[in-house]
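Spelled out from the first residue to the last, the chains are:
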Amino acid sequence: MNKKTVLSGMRPTGKLHLGHWVGAIANWVRLEKEYKCFFMVADWHALMSDYEHPANIKENSLEVVKDWLACGIDPEKSTIFIQSRVPEHLELAMVFSLLTPLGWLERCTTYKEQLRELKGRMLATYGFLGYPVLQTADIALYNADSVPVGMDQLPHLELAREIIRKFHKLYKKNIFVEPKPILTAVPKLVGIDNRKMSKSYNNSINLSDSQETLKKKVFSMYTDPKRTRADIPGKVEGNPVFIYHDLFNRDLEQVKELKKRYQAGGVGDVEVKDKLYQALNRFLEPIRQKRESFSDLKVQEILVKGTEQAALVAKKTMTKVKTCLHLG
Ligand code: TRP
């Protein structure tokens, strides 16, 4: 009866790709069976790093939710909602911002990295510095004890625990739980060009890619660069084509046999890629079909219901917070 609570979120930056599936969604679908889950579209967080281009955020949010649903996230089991529709996120972030020392945020490795990496954007802003403060509010509002995240988000969870501890110490009331990460076992998925899969690198395979697009992408994939001919023995480890075979080809015998021939110089790239294309297509086809079954209207309905459920919990938490602060 007393299920533990999970909260996780994704920024709506566009269509989701296989990296999102491996790194998050596959995990979410499993967690949904055991936990009370809140899955949130972090649209405020998306705006923090791209506030100059807000035009697509609403559409992207819808697409993200469609991708989740297509992968099997069940709106009857989990609460799916959009962060900006529950104003308590900003309210609690304000409270946490009061007690978060600047040094904690400035030292944050993710912040420093993004400032360096995202060139051409002016990110030395008050809002962006506070990114992990809002993330803490997201988690604390629902009293989530577990937060499924990738390695890159660990500093944010550590910060969340510190902020919550500080709140408890200052106001002498323990109203939150300290959240723990649930780490995804699989490291970041490589893109078709052997760099990290990312929308900005244009190297991703999207969950909603058509058969033709998928084929084109798989056949342009990076493989062992030393293998200029089919009879040259190739390297399987770290080879994106085989990383994908291992993750997505359910015909384990076929993968084993392909690897053996590849290492012996007994198979051409075309065959290896064609089999990968077939396997990925078998994996993506049910997702594509399920995606089609959700109209925009249906997704909107799911979000309205999800927002209501989320708001109910969020409001209760804010009432407690305000009592601690002698507000309202
Ligand atoms: N920062 C997360 C990311 O970029 C997204 C996010 C926002 C999140 N709020 C959250 C993740 C709360 C977990 C919990 O991946």
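What counts, and at which threshold
- Residues numbered from 1 in each chain as written.
- Predicted model: local features only at pLDDT ≥ 70, side-chain atom pairs only at ≥ 80, totals over all residues.
- Heavy atoms only, no water.
- Domains from an automatic or database assignment.
- Contact = heavy atoms within 4.5 Å.
- Buried area = accessible area lost by both parts, 1.4 Å probe.
- Axes fitted to C-alpha atoms, helices over the stretch in contact; angles between N-to-C directions.
- Helix = DSSP H or I, 4+ residues; strand = E, 2+ residues; numbered from the N terminus.
- Parallel < 35°, antiparallel > 145°, perpendicular 65-115°, else oblique.
- Left-handed = near helix turned anticlockwise from the far one by under 90°.
- Nonpolar A, V, L, I, M, F, W, Y, C, P; charged D, E, K, R; others polar.
- Phe/Tyr/Trp six-rings, centres within 6.5 Å; stacked < 30°, edge-to-face > 60°.
- Buried < 20%, exposed > 50% of the residue type's maximum accessible area, 1.4 Å probe, protein only.
- Lys NZ or Arg CZ within 6 Å of the ring centre and 35° of its normal.
- Salt bridge = Lys/Arg side-chain N within 4 Å of Asp/Glu carboxyl O.
- Pairing = 2+ DSSP bridges.
- Right-handed = clockwise from strand over helix to strand, strands pointing away.
- Near = heavy atom within 4 Å.
- Polar contact = N/O pair within 3.5 Å; in protein donor to acceptor, adjacent residues only side chain to side chain.
- Areas by Shrake-Rupley, 256 points an atom, 1.4 Å probe, with all protein chains shown as cover.
- Core = buried A, V, L, I, M, F, W, Y, C linked by side-chain atoms within 4.5 Å.

Moving on, we get to the domain arrangement of the chain. What the domain assignment reports for the chain is domain 1 (5-189 + 297-325) and domain 2 (209-290). Centre-to-centre, using C-alpha coordinates, domain 1 lies 35 Å away from domain 2. Between domain 1 and domain 2, the residue contacts involve 9 residues of the former and 9 residues of the latter. Buried surface at the junction of domain 1 and domain 2, both sides included, amounts to about 740 Å², of which 85% is carbon and sulfur.

Below, the discussion takes up the packing of helix H4 (residues 88-99) against helix H14 (residues 296-324). Any two packed helices are characterised by the angle at which their axes cross and by the distance between the axes. At their nearest, the axes of H4 and H14 sit 10 Å apart, and the two run at 25 degrees to each other. Taken together, the axis directions place H4 and H14 in an arrangement best described as roughly parallel. By crossing handedness, the relation of H4 to H14 is classed as left-handed. Contacts between H4 and H14 involve Glu 88, Glu 91, Leu 92 and Val 95 from the former and Ala 314, Lys 315, Met 318, Val 321 and Lys 322 from the latter. Broken down by class, the residue content of the contact of H4 with H14 amounts to 5 nonpolar, no polar and 4 charged.

Right, let's talk about the packing of aromatic side chains for a bit. Two measures describe an aromatic ring pair: the distance that separates the ring centres and the angle between the ring planes. Scanning the entire structure with this criterion turns up 16 aromatic pairs. Seen from their ring centres, Trp 28 and Trp 68 are 5.1 Å apart, and the 70 degrees between their planes marks the pair as edge-to-face. With Trp 28 in helix H1 (residues 18-31) and Trp 68 in helix H3 (residues 57-70), this residue pair connects regions lying 40 residues apart in the sequence. By the burial criterion, Trp 28 is buried, and Trp 68 matches it. Relative to Phe 128, the ring of Tyr 111 lies with its centre 5.9 Å away and its plane at 40 degrees, an arrangement referred to as tilted. Of this pair, Tyr 111 sits in helix H6 (residues 109-117) while Phe 128 sits in helix H7 (residues 126-129), placing them 17 residues apart in sequence. Given the relative accessible area of 4%, Phe 128 is considered buried. One aromatic cluster in this structure is built from Trp 21, Tyr 244, Phe 248 and Phe 283. Over the ring of Trp 104 we find Lys 166; its NZ or CZ atom is 5.7 Å from the centre of that ring. The residue whose ring lies beneath Arg 195 is Tyr 201, and the NZ or CZ to ring-centre distance is 4.0 Å.

Throughout the structure, instances matching the rule amount to 18 salt bridges. For Lys 66, the salt bridge goes to Asp 296, with nearest N and O atoms at 2.6 Å. You can see Lys 66 sitting in helix H3 and its partner Asp 296 sitting in helix H14, a full 230 residues away along the chain. Note that Glu 178 is salt-bridged to Arg 165, the shortest N-O span being 3.2 Å. Taken together, the residues span a long stretch of sequence, with Glu 178 in the loop between helix H9 (154-171) and strand S5 (180-183) and Arg 165 in helix H9 at a distance of 13 residues. Residue Arg 165 is classed as partly exposed on the basis of its relative accessible area, which comes to 38%. Connected through shared salt-bridge partners, Glu 257, Arg 261, Glu 271 and Lys 275 make up one network.

Once that is clear, we can look at the pairing of strand S2 (residues 36-41). The side chains of a regular strand alternate, first on one face of the sheet and then on the other. Of all the 6 residues making up S2, 5 are buried; the element is thus mostly covered by neighbouring parts of the structure. Pairing analysis gives 6 bridges linking strand S1 (residues 5-10) to S2, with the strands arranged parallel. Note on S2: the bridge partner recorded for Thr 5 is Lys 36. Regarding topology, H1 serves as the crossover connection from S1 to the parallel S2, and that connection is right-handed. Two elements, S2 and strand S3 (residues 79-82), share 4 bridges in a ladder whose sense is parallel. Within S3, the position partnered with Phe 39 by the bridge is Ile 80.

Take the site of the ligand next. Looking at the ligand, there are 14 residues lining it, with Arg 11, Tyr 131, Gln 135, Asp 138 and Gln 153 nearest. In the model, a nitrogen atom of the ligand is placed 3.2 Å from a nitrogen or oxygen of the Gln 135 side chain. At 2.7 Å from a nitrogen atom of the ligand is found a side-chain nitrogen or oxygen belonging to Asp 138. In the complex, the protein chains occlude 91% of the 360 Å² of accessible area that the ligand would expose alone. Those elements giving two or more residues to the shell around the ligand turn out to be S1, helix H8 (131-141) and strand S4 (146-149). Looking at the shell around the ligand, the element that brings in the most residues is H8, giving 4 residues. Taken together, the residues that form the shell around the ligand break down as 7 nonpolar, 5 polar and 2 charged.

A few words now on the nonpolar core. Leu 18, Ile 25, Trp 68 and Tyr 244 are the most contacted members of the largest nonpolar core, which totals 55 residues. With 9 residues, the top contributor of residues to this core is H1. For this core, the domains that each give at least three residues are domain 1 (5-189 + 297-325) and domain 2 (209-290). Those residues in contact with Tyr 244 that sit more than four places away from it in its chain are Leu 18, Leu 189, Val 190, Gly 191, Ile 192, Met 197, Ile 205, Met 221, Asn 249, Leu 276 and Leu 280. With 43 residues, the next largest nonpolar core counts Leu 134, Ala 137, Ala 310 and Cys 324 among its residues.

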